[in-house]
Amino acid sequence: MDSSTGLQARRARLVLAAIVVAVAALLVAGGFAAATLMRNDAKGGPQAGASPSASTPVPTGGTTTDSPMTPERAQKISLRKPTGHQNGVAIGFPGSPSGGISAAVYFWEEFAWLDDEKAAQQLTAVVSKDAPGYVDKQVSEIRKMREALGLAPSGGLPADVSFTTAVHAARGRR
């Protein structure tokens, strides 16, 4: 392998690592926002369930003004299981706060971050009709990210590339 190809491969790996860190930060922030909705679930306590990536409960809870909230200090909950999948998105969650956070966690873990066609299908399934252009904008961002990684602007991932997203904690605020 010549040095130019080696540098391009190294740069692509570094860019991918940076993107993974940024995506993880976004996932945690979104999960924290949704967790508050589950805290006072009017439909009863948490049900047994597992996220697509782990069977451990997702930490949630509020904060006090004198001490920071950490996953270790938070009230633990279990995710609700979906009843099926439609258009690449998990469906069938209860219409409750815990069902809402479960749907958000499943969505973030199953989202096609680097496959523009699959992401367009998933986003079309969940984005409001009152947000024209949002799906196209997000698909455009995915295509820019693919190009930054040295991939073709459109399509799936090469066979030798693996990408996994896992939500480890969620916290909501009122």
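Described below are features of the structure shown in this document. (Residues numbered from 1 in each chain as written. Predicted model: local features only at pLDDT ≥ 70, side-chain atom pairs only at ≥ 80, totals over all residues. Heavy atoms only, no water.)

Some words on the overall build of the protein chain
A tally of helices and strands in the protein chain yields four helices and four strands. Secondary structure elements of the protein chain occur, N-terminal to C-terminal, as α-β-β-β-β-α-α-α. For the protein chain, the share of sequence-separated contacts (at least 6 apart) that also reach a separation of at least 24 residues comes to 65%. Total accessible area on the protein chain is roughly 10200 Å²; 56% of this is exposed by carbon and sulfur atoms. (Helix = DSSP H or I, 4+ residues; strand = E, 2+ residues; numbered from the N terminus. Contact = heavy atoms within 4.5 Å. Areas by Shrake-Rupley, 256 points an atom, 1.4 Å probe, with all protein chains shown as cover.)

Some remarks on the pattern of salt bridges
This model, assessed by the stated rule, comprises two salt bridges. Between Asp 116 and Arg 143 there is a salt bridge; the shortest N-O distance is 2.7 Å. One end of the pair, Asp 116, is in helix α3 (residues 116-126); the other, Arg 143, is in helix α4 (residues 134-148), and 27 residues separate them in sequence. A salt bridge links Glu 141 to Lys 144; the nearest nitrogen and oxygen atoms lie 3.5 Å apart. Taken together, the residues span about one helical turn, with Glu 141 and Lys 144 both in helix α4 at a distance of three residues. Taking relative accessible area as the criterion, Glu 141 reaches 38% and is therefore assigned partly exposed. (Salt bridge = Lys/Arg side-chain N within 4 Å of Asp/Glu carboxyl O. Buried < 20%, exposed > 50% of the residue type's maximum accessible area, 1.4 Å probe, protein only.)

Some remarks on the environment of Gly 155
Its location among the elements puts Gly 155 in the segment after α4. Note: C-alpha distance between Gly 155 and Glu 117 (38 residues apart in sequence) is 6.5 Å. Setting aside its immediate chain neighbours within four residues, Gly 155 contacts Leu 114, Asp 115, Asp 116 and Arg 146.

Let's talk about the nonpolar core
Judged by nonpolar contacts, the single largest core of 16 residues is most densely connected at Phe 111, Leu 123 and Leu 149. Elements that contribute at least two residues to this core include exactly α3 and α4. The element contributing the most residues to this core is α4, with four residues. Leave out the neighbours within four places in its chain, and Phe 111 touches Ala 119, Gln 122, Leu 123 and Ile 142. Of all hydrophobic cores here, the second largest spans nine residues; its members include Ile 77, Leu 79, Ile 101 and Val 167. (Core = buried A, V, L, I, M, F, W, Y, C linked by side-chain atoms within 4.5 Å.)

Overview of α3
Buried within α3 we find Asp 116, Ala 119, Gln 122 and Leu 123. Angular distribution of buried residues about the axis of α3 spans 125°; they occupy a single face of the element. Residues of α3 that are buried in the fold lie against β4 (89-91), α2 (97-110) and α4. Looking at where α3 begins, the residue whose side-chain oxygen comes 3.2 Å from the main-chain nitrogen of Glu 117 is Asp 115. (Arc of directions from axis to C-beta. Polar contact = N/O pair within 3.5 Å; in protein donor to acceptor, adjacent residues only side chain to side chain.)

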